[in-house]
Amino acid sequence: MLSFLPPLLRGVIAFLLLVLNTLVCCVPLFALALLKLVLPWRAARLRIDPIINAIATQWIAGNSAWMRLTQTTRWDVEGVAELPYAGWYLVQANHQSWVDIFALQHTLNRRIPMLKFFLKQELIYVPVMGLAWWALEFPFMKRHSEAALRANPALREQDRETTRRACAKFSLVPTSVMNFPEGTRFTLSKHAAQASPYRHLLKPKAGALALSLHAMGEKFDSLIDVTIVYPHGRPTFWRFICGQVPSIVLRAHRRAIPPAFCQGDYAADPAFRAELQGWLSELWAEKDAEIEQLLQR
């Protein structure tokens with residue numbers, strides 16, 4: 001443990017270890033991704049994809065190692081140890097910080113199949129990591145304003161097609177499809193602008209959930225609903241790697257997915273859309289109450 005070092009030095013060490021871990025893992029990752037481009041057949045994918053996922057799993061394990069070395073964060077985690085590894089999962093969580101991703105990977109790695117995130121299109125330009133996410137076939141989604149969607153409804157089909165293609169690939173090898181229903185990180189200004197009915201959450205959007213369920217709902221074993229709480233306030237990534245996050249609380253709940261939600265047409269059926277949104281809103285109300293309870297404790 002390097003907790004005796006000043007936070008700035010710990011942050012520098014943690015960042016350098018993160019970069020080193022990323023570069024070491026990306027070399028074989030990129031090579032195998034190029035091999036998949038040359039051999040685009042299903043049989044080749046079934047052999048190559050598990051190796052690529054294993055490399056990513058090792059990258060996450062390496063990150064957990066430098067976190068243990070440089071940080072004294074107390075992890076309060078429940079509901080993860082009993083999750084069965086085999087199968088496909090749909091995972092959702094509240095979203096507050098970039099730290100959420102590291103917290104989810106740290107606690108769920110090797111507990112369930114590797115998390116695959118839906119990412120903003122702009123993130124593909126992040127040095128090294130953008131290519132790594134591309135190699136891992138994380139779907140990149142284009143964000144359109146409501147005005148743009150009203151002017152050109154065909155834009156909605158772009159993200160639907162991206163999701164369909166991604167889920168078709170995910171269905172080959174056990175995968176955990178990750179979704180942040182809020183669509184963006186929580187801030188007080190966004191909360192106020194939305195007039196959110198929840199105390200600690202933004203309003204959830206069911207569109208990505210509906211697309212995932214429609215594309216491969218029959219594959220999903222269940223929904224893993226994760227609540228992330230930072231009792232000392234939402235941390236920045238820099239504060240996190242400097243070891244200045246005293247504790248992180250995570251609760252995972254395994255929930256059955258109603259079979260009807262895998263068959264409806266979210267875009268064309270208003271009744272189905274209202275039903276799915278209502279179900280998600282109920283889960284969000286429970287999550288909001290759980291966050292309040294955990295913070296009070």
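Residues numbered from 1 in each chain as written. Predicted model: local features only at pLDDT ≥ 70, side-chain atom pairs only at ≥ 80, totals over all residues. Heavy atoms only, no water.

**Q** Sorry if this is basic, but what is going on with the pattern of salt bridges here?
**A** Between side chains of opposite charge, a pair can form when the charged atoms approach closely. In this structure the tally under the stated criterion is twelve salt bridges. With its nearest N and O atoms 3.4 Å apart, the salt bridge here joins Glu78 to Arg251. Remark: Arg251 occurs in strand S8 (residues 247–255) and Glu78 occurs in strand S1 (residues 74–78); sequence separation between them is 173 residues. Owing to a relative accessible area of 43%, Glu78 belongs among the partly exposed residues under this scheme. Residues Arg254 and Asp221 are paired through a salt bridge, measuring 2.4 Å at the closest nitrogen-oxygen approach. Linking Arg254 in strand S8 with Asp221 in strand S7 (residues 220–229), this pair joins segments that are 33 residues apart in sequence. Judged by relative accessible area, Arg254 falls into the partly exposed class, the value being 46%. A residue is classified by how much of its surface remains accessible, and Asp221, at 41% relative accessible area, is partly exposed. Shared partners join several salt bridges into a network, and the residues in it are Lys36, Arg45, Asp49 and Glu137. (Salt bridge = Lys/Arg side-chain N within 4 Å of Asp/Glu carboxyl O. Helix = DSSP H or I, 4+ residues; strand = E, 2+ residues; numbered from the N terminus. Buried < 20%, exposed > 50% of the residue type's maximum accessible area, 1.4 Å probe, protein only.)

**Q** Mind showing me how you'd approach the packing of aromatic side chains here?
**A** The geometry of an aromatic ring pair is captured by two quantities: the separation of the ring centres and the angle between the planes. Going through the model one piece at a time under the given rule, you end up with seven aromatic pairs. A network of ring pairs unites the aromatic residues Trp66, Phe102, Phe237 and Phe240 as a single cluster. Of note, Lys219 hangs over the ring of Trp88, and the distance from its end group to the ring centre comes to 4.2 Å. (Phe/Tyr/Trp six-rings, centres within 6.5 Å; stacked < 30°, edge-to-face > 60°. Lys NZ or Arg CZ within 6 Å of the ring centre and 35° of its normal.)

**Q** Whenever I open this one, the environment of Asp49 confuses me. Can you help?
**A** Checked against the element boundaries, Asp49 lands in helix H2 (residues 42–70). By relative accessible area, Asp49 is classed as buried at 7%. Here Asp49 is in contact with Lys36 and Val173, once residues within four sequence places are set aside. Among the polar contacts listed, one links the side chain of Asp49 to the side chain of Lys36, at a separation of 2.8 Å. (Contact = heavy atoms within 4.5 Å. Polar contact = N/O pair within 3.5 Å; in protein donor to acceptor, adjacent residues only side chain to side chain.)

**Q** Just checking my understanding: could you explain the packing of helix H1 (residues 7–38) against H2 for this structure?
**A** Interhelical geometry of H1 versus H2 gives an angle of 175° and a closest axis separation of 10 Å. When the axes of H1 and H2 are compared, the pair comes out roughly antiparallel. (Axes fitted to C-alpha atoms, helices over the stretch in contact; angles between N-to-C directions. Parallel < 35°, antiparallel > 145°, perpendicular 65-115°, else oblique.)

**Q** I tried to follow the pairing of strand S6 (residues 176–179) on my own but got confused; where do I start?
**A** Note on strand geometry: in a regular strand, side chains alternate between the two faces of the sheet. Side-chain alternation along S6 places Ser176 and Met178 on one buried face and Val177 and Asn179 on a second face that is also buried. Strand direction decides the pairing type here: strand S2 (residues 88–93) and S6, joined by four bridges, are parallel. Along S6, the bridge assignment pairs Gln92 with Asn179. Pairing analysis gives three bridges linking strand S3 (residues 115–117) to S6, with the strands arranged parallel. (Pairing = 2+ DSSP bridges.)

**Q** When you look at the environment of Val12 in this model, what are you seeing that I'm missing?
**A** Tracing the backbone through its elements, the reader meets Val12 in helix H1. Placed 226 residues apart in sequence, Val12 and Trp238 show a C-alpha to C-alpha distance of 9.5 Å.

**Q** Help me out: how do you make sense of the packing of helix H8 (residues 207–216) against helix H10 (residues 270–296) in this one?
**A** To characterise two packed helices, one gives the angle between the axes of the helices and the distance between these axes. Packing of H8 against H10 brings their axes to within 10 Å, and their N-to-C directions diverge by 115°. Taken together, the axes of H8 and H10 are roughly perpendicular relative to one another. Between H8 and H10 lies a crossing whose hand is right-handed. Here Leu209, Ala210 and Leu213 of H8 lie close against H10, whose contacting residues are Leu276, Trp279 and Leu280. (Left-handed = near helix turned anticlockwise from the far one by under 90°.)

**Q** How should the side chain of Gln105 be read in this particular structure?
**A** Within the secondary structure layout, Gln105 lies in helix H3 (residues 99–108). The exposure class assigned to Gln105 is buried, which follows from its relative accessible area of 10%. Setting aside its immediate chain neighbours within four residues, Gln105 contacts Trp59, Ile60, Leu115 and Phe117.

**Q** Help me understand the pairing of S2, please; the structure alone is not making it clear to me.
**A** Buried residues dominate S2, accounting for six of its six residues. The alternating pattern of S2 places Trp88, Leu90 and Gln92 on one face and Tyr89, Val91 and Ala93 on the opposite face, and all of these are buried.

**Q** Explain the nonpolar core to me, please; I cannot follow it from the model alone.
**A** Most often, soluble globular proteins keep nonpolar side chains buried together rather than apart. One finds Val91, Leu104, Val226 and Phe240 to be the most contacted residues of the largest nonpolar core, which totals 52 residues. A per-element tally of this core places H2 first, with nine residues. Sequence-distant contacts of Val226, that is, excluding residues within four places in its chain, are made with Val91, Gln92, Ala93, Asn94, Leu104, Leu250, Arg251, Ala252 and Lys287. Judged by nonpolar contacts, the second largest core, of 30 residues, contains Met141, Tyr198, Leu223 and Trp284. (Core = buried A, V, L, I, M, F, W, Y, C linked by side-chain atoms within 4.5 Å.)

It is worth stressing that arrangement in space is one thing and function is another; only the former is reported here.
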